[in-house]
2 protein chains.
Amino acid sequence: MSAGVSPDLLDRFAAIVGDKYALRSEMELAPHLIENRGLYHGSSPMLLKPATVEEVSAILKLATETGTAVVPQTGNTGLVGGQTPREGKSDIIISLERMNKIRDVDPVANVLVADGGAILAEVQKAAEAHGRLFPLSLGSEGSCRIGGNLSTNAGGTAVLAYGNMRQLCLGLEVVLPTGEIWNGLRRLKKDNTGYDLRDLFIGAEGTLGIITGAVLRLFPQPLGKQVAFAGLNSVDDALALFNLASSLCGTSLTGFELMPRFGVEITARNIDGVRDPLESEHAWYVLIDISTSDSAETAERMMTALLEQGFEAGFVEDAVIASSVAQQKALWHMRESMSDAQKPEGGSIKHDVSVPVSTVPDFMAEAQEAVMAAMPGARICAFGHMGDGNIHYNISQPVGADKQAFLARWHEMNEIVHGLVLSHAGSISAEHGIGQLKRDELAAIRSEIEMDLMRRVKRSFDPANIMNPGKVVSID
Amino acid sequence: MSAGVSPDLLDRFAAIVGDKYALRSEMELAPHLIENRGLYHGSSPMLLKPATVEEVSAILKLATETGTAVVPQTGNTGLVGGQTPREGKSDIIISLERMNKIRDVDPVANVLVADGGAILAEVQKAAEAHGRLFPLSLGSEGSCRIGGNLSTNAGGTAVLAYGNMRQLCLGLEVVLPTGEIWNGLRRLKKDNTGYDLRDLFIGAEGTLGIITGAVLRLFPQPLGKQVAFAGLNSVDDALALFNLASSLCGTSLTGFELMPRFGVEITARNIDGVRDPLESEHAWYVLIDISTSDSAETAERMMTALLEQGFEAGFVEDAVIASSVAQQKALWHMRESMSDAQKPEGGSIKHDVSVPVSTVPDFMAEAQEAVMAAMPGARICAFGHMGDGNIHYNISQPVGADKQAFLARWHEMNEIVHGLVLSHAGSISAEHGIGQLKRDELAAIRSEIEMDLMRRVKRSFDPANIMNPGKVVSID
């Protein structure tokens with residue numbers, strides 16, 4: 001199975017955690033060699049489950065000394081193969097599943113300290129138990145881990161008001177590829193004492209070290225919440241409504257999600273319990289979420305004012321405000337199910353892109369034209385976090401087309417859409433990261449000096465190139 | 001004057017910008033060799049004023065090739081000597097004063113792109129002209145530059161609601177010590193495409209490269225604003241009031257400044273036009289600032305609710321709400337003048353520290369005890385951004401003491417206060433940075449591995465050690 005790592009060396013790694021926590025059989029390892037999208041199939045001789053920072057340190061020290069590649073993987077929810085061991089290699093997997101504690105919650109200082117393997121949903125609950133909010137929220141929150149969220153600078157719908165994971169973290173504890181432990185667990189908002197090492201590790205996708213602990217920011221629980229669903233005529237009108245909402249609500253605007261008619265149609269059709277909230281059809285829809293910290297009345301007044309002004313200005317054709325918590329959840333359920341709703345429609349070619357907010361209407365129009373020209377009959381389902389310029393630009397296959405033939409054109413459609421994204425100075429990976437999937441594409445689109453700077457950092461932090469090699473940036 | 005840089009080489013540097021923009025005379029250079037606190041007196045053979053990024057690039061390329069040290073200095077408002085050429089050396093000063101343009105304002109995408117030499121007050125005005133807010137606000141805003149604000153990760157009173165400069169920047173254009181130009185001028189909130197190089201340069205105090213351009217975030221202009229001045233019995237009550245304010249107002253809480261009786265007294269006494277806003281005396285005071293984006297009424301309701309609840313809970317002994325814009329400014333003027341108010345009182349020993357917010361009461365009590373024990377009669381004027389845990393811990397000399405003898409104990413008092421700060425896992429430089437002033441102290445308090453990581457970054461970005469050497473971290 002593993003030409004790369006000798007049995008003696010495997011034994012030395014296993015001895016660090018104890019045999020009970022060193023998995024070696026094919027059966028045990030199988031689920032860890034693949035990922036959710038079925039794109040990658042790796043090989044690995046062993047998965048280690050350390051219990052302490054010191055054990056992680058000993059593992060990485062041995063890895064660097066012996067030139068043994070390792071890959072951190074705990075939740076296994078990543079979408080670009082960053083957590084998957086390489087195909088045909090012998091990367092040893094390191095899981096933080098036993099390092100999953102909430103270490104401390106200080107609601108007065110508004111910080112929570114967690115192990116890198118702590119489950120996101122558990123962190124949310126711990127915050128709530130202390131009357132606070134940890135705003136990061138993802139579909140995978142029941143299994144993804146804080147360390148992974150940090151390594152991929154996770155986003156989600158709460159970015160609009162609260163920022164990405166990067167903005168939610170004050171300090172880190174990291175085990176470096178050489179085994180040293182960097183304790184940067186600081187709880188301070190204002191601290192200008194040297195270079196920002198913390199932000200190097202955040203978003204580095206496990207290629208510069210393993211995040212074993214983090215200080216996270218907590219926020220007040222909102223007292224008021226309003227959710228509305230509006231029908232509009234165009235993406236331009238949606239952008240105008242967003243600007244109005246932004247002005248009226250400031251950071252009380254906690255969600256602004258764009259959806260196309262096609263998306264609402266298939267979700268109402270394919271997902272149980274979801275129905276079109278409006279009576280007439282509209283070309284575009286927006287889900288608006290407002291949360292206020294002082295009172296429920298403020299949220300109500302903001303939403304009412306927003307929709308009134310939106311109607312008056314001609315941006316909004318129709319709208320409904322949820323009148324109960326159940327109705328609020330139902331409206332969000334429409335949005336959250338949209339990607340799943342595409343599955344019964346056949347193949348779906350996906351993108352994870354962002355463009356500057358002001359260029360969203362142009363990008364959407366250009367992408368539609370280009371995609372339809374390349375593939376007549378394609379059914380575009382482009383929806384998402386309009387306020388951040390982050391659109392999940394998904395393409396459902398034409399009705400009756402051959403699914404495999406359609407999916408075989410994935411790369412071709414990616415090139416078309418990414419080309420337009422780059423022409424607007426956008427991002428080809430708004431949320432999910434680079435991993436294996438976009439590593440070569442990144443090297444192709446970034447300047448030489450930028451790739452060189454990244455390689456310099458990588459080489460100086462991971463001189464033996466053992467820390468999740470082949471991901472993000474290549475130094476082979 | 002400069003043994004270090006030959007006349008021929010100086011001519012080569014001058015030729016890059018043209019003689020008119022290469023200052024060499026003692027008279028012209030004099031103001032650039034010193035800084036506001038009178039702590040440092042440097043020497044330099046020349047000050048260059050490039051007009052373009054390409055000229056900056058040529059300067060740094062030549063500097064690296066010839067091993068010629070350079071120091072970036074434009075506004076000359078830094079407080080830790082980071083911008084001052086070294087004493088007894090021949091650092092060439094590079095000023096971005098000619099690169100001071102606002103390049104672009106996009107109020108729809110909420111971004112502003114500026115040259116590194118753009119004056120902060122001009123950036124604020126440009127945002128305002130487009131109906132937006134750029135929230136960074138400092139006493140030196142009429143002369144400090146965006147590049148310097150970024151290089152020092154400037155803070156100020158707006159951090160509470162908007163974050164530090166780090167949180168206000170989406171992208172950078174940097175000229176590296178070796179002369180390459182990194183164009184990272186991205187306008188995206190969501191972009192996970194490789195390592196976060198941007199945040200390495202922010203706060204690096206000009207030791208990793210020169211910031212020649214930046215993409216800054218804009219915010220809605222607030223519609224409502226309320227300012228109140230409250231009298232309290234203790235720092236514990238102030239902290240309790242802060243938590244109440246935080247819950248009620250969320251990010252509408254745009255200021256929460258703590259002040260001691262002594263500070264209010266001397267400011268009312270020594271500063272023209274400032275008077276004590278309350279009738280009775282209180283041990284502690286808090287200035288509260290609320291800004292709302294939807295309406296003026298919301299700000300009013302929040303402030304009223306906050307003070308009512310504060311009174312009921314016994315945190316607040318007395319309070320006044322400003323009833324006009326002039327009164328709002330007057331209340332802020334009290335706070336902003338407090339440092340100046342210390343001057344007529346004699347010598348002042350200063351600190352720029354932060355501790356986790358929940359430990360502010362303990363820190364204040366411990367520091368008071370320790371300072372009074374070491375120096376009976378010392379008059380402590382500790383005030384500042386309580387919500388961020390950032391206290392300007394200033395000590396005014398005892399009445400009638402000898403000023404020089406008092407100031408001679410600066411280092412001794414720093415050690416006492418910093419020791420307490422570190423015992424609370426706080427920061428010895430909350431806002432101003434490390435520069436020359438705290439370089440050796442930083443190396444003494446940080447772990448070996450952290451210093452090593454910083455040196456690795458410094459060496460790989462600045463192999464010739466020409467980029468503002470002797471600041472932040474030493475690699476000699």
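As a reminder, the structure under discussion sits directly above these lines.
Residues numbered from 1 in each chain as written. Chains lettered and ligands numbered in written order. Predicted model: local features only at pLDDT ≥ 70, side-chain atom pairs only at ≥ 80, totals over all residues. Heavy atoms only, no water.

Chemist: Sorry if this is basic, but what is going on with the overall build of chain A here?
Modeler: A tally of regular secondary structure across chain A gives 17 helices and 19 strands. Relative to the compact-globule value of 23 Å for 476 residues, chain A shows a C-alpha radius of gyration of 23 Å, a close match. Seen along its three principal axes, the alpha-carbon backbone of chain A occupies a region of about 75 × 55 × 45 Å. On chain A, roughly 16900 Å² of surface is accessible, and the fraction owed to carbon and sulfur atoms is 50%. The average position of the 41 basic charges and that of the 59 acidic charges among the side chains of chain A differ by 6 Å. (Helix = DSSP H or I, 4+ residues; strand = E, 2+ residues; numbered from the N terminus. Rg over C-alpha atoms; globule rule 2.2 N^0.38 Å. Areas by Shrake-Rupley, 256 points an atom, 1.4 Å probe, with all protein chains shown as cover. Lys, Arg positive; Asp, Glu negative; His and termini not counted. Charge placed at Lys NZ, Arg CZ, Asp CG, Glu CD.)

Chemist: Is there a simple way to think about the interface of chain A and chain B in this case?
Modeler: Interface size, as often reported, equals the accessible area lost upon joining of the parts. Taken together, the contact between chain A and chain B spans 81 residues of the former and 81 residues of the latter. Buried area between chain A and chain B, summed over both chains or domains, comes out near 6700 Å², and the portion from carbon and sulfur atoms is 53%. For the pair chain A and chain B, the interface holds ten salt bridges. Among the salt bridges present, the one from aspartate 388 of chain B reaches lysine 189 of chain A, with a minimum N-O distance of 3.3 Å. Between the two partners, chain A and chain B, sit 48 residue pairs in polar contact (both at pLDDT 80 or more). Counting residues per element, the ones that place at least two in the side of chain A that touches chain B are α6 (159-162), β9 (181-184), α7 (198-201), α8 (235-249), α10 (296-312) and α17 (448-461) of chain A. Residues that form the side of chain A that touches chain B fall into these classes: 33 nonpolar, 29 polar and 19 charged. (Contact = heavy atoms within 4.5 Å. Buried area = accessible area lost by both parts, 1.4 Å probe. Salt bridge = Lys/Arg side-chain N within 4 Å of Asp/Glu carboxyl O. Polar contact = N/O pair within 3.5 Å; in protein donor to acceptor, adjacent residues only side chain to side chain. Nonpolar A, V, L, I, M, F, W, Y, C, P; charged D, E, K, R; others polar.)

Chemist: Explain the environment of threonine 254 of chain A here, please?
Modeler: Residue and element names in this part refer to chain A. For threonine 254, the position within the fold is in strand β13 (residues 253-260). The residues touching threonine 254, leaving out its near neighbours within four places in the chain, are Thr157, Leu160, Ala161, Tyr162, Asp289, Ile290 and Ser291. Within the structure, threonine 254 has its side chain in polar contact with the side chain of aspartate 289 (distance 2.7 Å).

Chemist: I tried to follow the environment of isoleucine 349 of chain A on my own but got confused; where do I start?
Modeler: All names here are of chain A. Of note, isoleucine 349 is situated in strand β16 (residues 348-349). As for isoleucine 349 and asparagine 414, which are separated by 65 residues in sequence, their C-alpha atoms are 8.2 Å apart. Leaving out residues up to four positions away in the same chain, isoleucine 349 has contacts with Tyr393, Asn394, Ile395, Phe406, Leu407, Arg409, Trp410, Met413 and Asn414.

Chemist: Is there a simple way to explain a negative patch on the surface in this structure?
Modeler: Residue and element names in this part refer to chain A. A grouping of Asp236, Asp362, Glu366 and Glu369 is seen on the molecular surface, where their side chains present a negatively charged patch. No other element matches helix α13 (residues 360-374), which puts three residues into the negative patch. Mapped onto the elements of the fold, aspartate 362 is located in helix α13. (Patch = residues over 30% accessible without salt bridge, like charges linked within 9 Å, V, L, I, M, F, W, Y side chains within 5 Å.)

Chemist: Explanation requested: the sheet that holds strand β6 (residues 111-115) of chain A in the structure shown.
Modeler: In sheet architecture, strand pairing relies on hydrogen bonds along the backbone and comes in two forms, parallel and antiparallel. Residue and element names in this part refer to chain A. Taken together, the five strands give an open sheet; going across it, the order is β5-β6-β10-β8-β9, and neighbouring strands pair in antiparallel fashion. Two strands lie at the open edges of the sheet, namely β5 (102-106) and β9, each paired on one side alone. The mean angle between the axes of side-by-side strands here comes to 10°, regardless of whether they run parallel or antiparallel. (Pairing = 2+ DSSP bridges. Axes fitted to C-alpha atoms, helices over the stretch in contact; angles between N-to-C directions.)

Chemist: Mind showing me how you'd approach the packing of aromatic side chains here?
Modeler: When we look at a pair of aromatic rings, we describe it by the centre distance and by the angle of the planes. All chains considered together, the criterion is met by twelve aromatic pairs over all chains. Pairing phenylalanine 201 of chain B with phenylalanine 461 of chain B gives two aromatic rings, centres 5.7 Å apart and planes at 50°, and the pair type is tilted. On the criterion of sequence distance, the pair formed by phenylalanine 201 of chain B in helix α7 (residues 198-201) and phenylalanine 461 of chain B in helix α16 (residues 448-461) is long-range, its members being 260 residues apart. For the pair shown, phenylalanine 201 of chain B and phenylalanine 461 of chain B are each scored as buried. Through a chain of ring-to-ring contacts, three or more aromatic side chains come together here, namely Trp182, Phe201 and Phe461 of chain A. Between arginine 98 of chain A and the ring centre of tyrosine 21 of chain A, over which it is positioned, the NZ or CZ distance is 3.3 Å. (Phe/Tyr/Trp six-rings, centres within 6.5 Å; stacked < 30°, edge-to-face > 60°. Buried < 20%, exposed > 50% of the residue type's maximum accessible area, 1.4 Å probe, protein only. Lys NZ or Arg CZ within 6 Å of the ring centre and 35° of its normal.)

Chemist: Please clarify how the relation of the copies chain A and chain B should be interpreted in this entry.
Modeler: Mapping between the two chain copies consists of a rotation about an axis together with a translation along that axis. Note on the copies: chain A fits chain B at an RMSD of 0.0 Å, the axial shift is 0.0 Å, and the rotation between them is 180°. Look at the turn and shift together and you get a two-fold axis relating the two. Most of the interface of chain A is mirrored in chain B: 100% of its interface residues are interface residues there too. (Least-squares fit on C-alpha atoms with pLDDT ≥ 70 in both.)

Chemist: For this particular structure, what's the right way to read helix α4 (residues 120-129) of chain B?
Modeler: Since the α-helix advances by 3.6 residues per turn, residues separated by three or four positions end up pointing in the same direction. Residue and element names in this part refer to chain B. Those residues of α4 lying buried are Leu120, Ala121, Val123, Gln124, Ala126 and Ala127. Among the structural elements, β5 (102-106), β6 (111-115), β7 (132-133), α5 (146-151) and β10 (210-217) are those in contact with the buried residues of α4. Looking one or two places after α4, you find glycine 131, whose phi comes out positive at around 75°.

Chemist: So what exactly am I meant to see when it comes to the packing of α8 of chain A against α10 of chain A here?
Modeler: The geometry of a pair of packed helices is captured by two quantities: the angle between their axes and the separation between those axes. All names here are of chain A. At a minimum axis distance of 10 Å, the contact between α8 and α10 shows a crossing angle of 145°. Considering how the two elements wind past one another, α8 and α10 form a crossing that is right-handed. Between α8, through Leu241, Leu244, Ala245, Leu248 and Cys249, and α10, the contact on the second element is made entirely by Met302, Ala305, Leu306, Gln309 and Gly310. When the residues that make up the contact of α8 with α10 are grouped by side-chain class, the tally is eight nonpolar, two polar and no charged. (Left-handed = near helix turned anticlockwise from the far one by under 90°.)

Chemist: Before we go on, may I ask you to explain the state of the cysteines in this structure?
Modeler: Linking two cysteines covalently via their sulfur atoms produces the bond known as a disulfide. Throughout the structure, instances matching the rule amount to zero disulfides over all chains. The cysteine cysteine 249 of chain A is free of any disulfide, with cysteine 249 of chain B supplying the nearest cysteine sulfur at 17 Å. For cysteine 249 of chain A, a relative accessible area of 2% corresponds to the buried category. (Disulfide = S-S within 2.5 Å.)

Chemist: I tried to follow the pattern of salt bridges on my own but got confused; where do I start?
Modeler: It is possible for side chains bearing opposite charge to pair when their charged atoms get close. This structure, assessed with the given rule, holds 60 salt bridges over all chains. Ionic pairing is found between aspartate 91 of chain B and arginine 86 of chain B, a salt bridge with its closest N-O pair at 2.9 Å. There is no split in this pair, since aspartate 91 of chain B and arginine 86 of chain B are both buried. Residues joined in a network through salt bridges with shared partners are Arg166, Arg198 and Asp199 of chain A together with Asp196 of chain B.

Chemist: What's the story with helix α12 (residues 360-374) of chain B in this structure? I'm lost.
Modeler: Residues and elements named next belong to chain B. Relative to the 21 Å expected for 15 residues at 1.5 Å per residue, α12 spans 21 Å between its end C-alpha atoms, a close match to the ideal helical length. Those residues of α12 lying buried are Val360, Pro361, Phe363, Met364, Ala367 and Val371. Looking straight down α12, one finds its buried side chains confined to an arc of 160°; they lie on one side. Turned more than 90 degrees from where α12 packs its buried face, Glu369 and Ala373 sit exposed. (Expected span 1.5 Å × (residues − 1). Arc of directions from axis to C-beta.)

Chemist: Sorry if this is basic, but what is going on with the environment of alanine 22 of chain B here?
Modeler: Residues and elements named next belong to chain B. Of note, alanine 22 is situated in strand β1 (residues 22-23). Looking at alanine 22, the relative accessible area reads 8%, which means it is buried. Along the primary structure alanine 22 and proline 50 are separated by 28 residues, whereas in three dimensions their C-alpha atoms are 8.8 Å apart. Setting aside anything within four residues of it in sequence, one finds alanine 22 in contact with Ala14, Val17, Met46, Leu47 and Leu48.

Chemist: Looking at this structure, I do not really get the pairing of β5 of chain B. What am I missing?
Modeler: A regular strand places its side chains so that they alternate between the two faces of the sheet. Residue and element names in this part refer to chain B. In this structure, β5 lies alongside β6, joined through four bridges in antiparallel fashion. From the neighbouring strand, isoleucine 102 faces β6, where its bridge partner is alanine 114. Counted along the chain from β5 to the antiparallel partner β6, the turn is four residues long, and its residue asparagine 110 has a positive phi close to 60°.

Chemist: What's the story with the side chain of histidine 424 of chain B in this structure? I'm lost.
Modeler: All names here are of chain B. Mapped onto the elements of the fold, histidine 424 is located in the loop between α14 (410-423) and α15 (439-445). By relative accessible area, which is 15% here, histidine 424 ends up buried. At 2.8 Å, the side chain of histidine 424 forms a polar contact with the side chain of glutamate 366. When residues no more than four places from it in sequence are discounted, the contact partners of histidine 424 are Val355, Pro356, Thr359, Asp362, Phe363 and Glu366.

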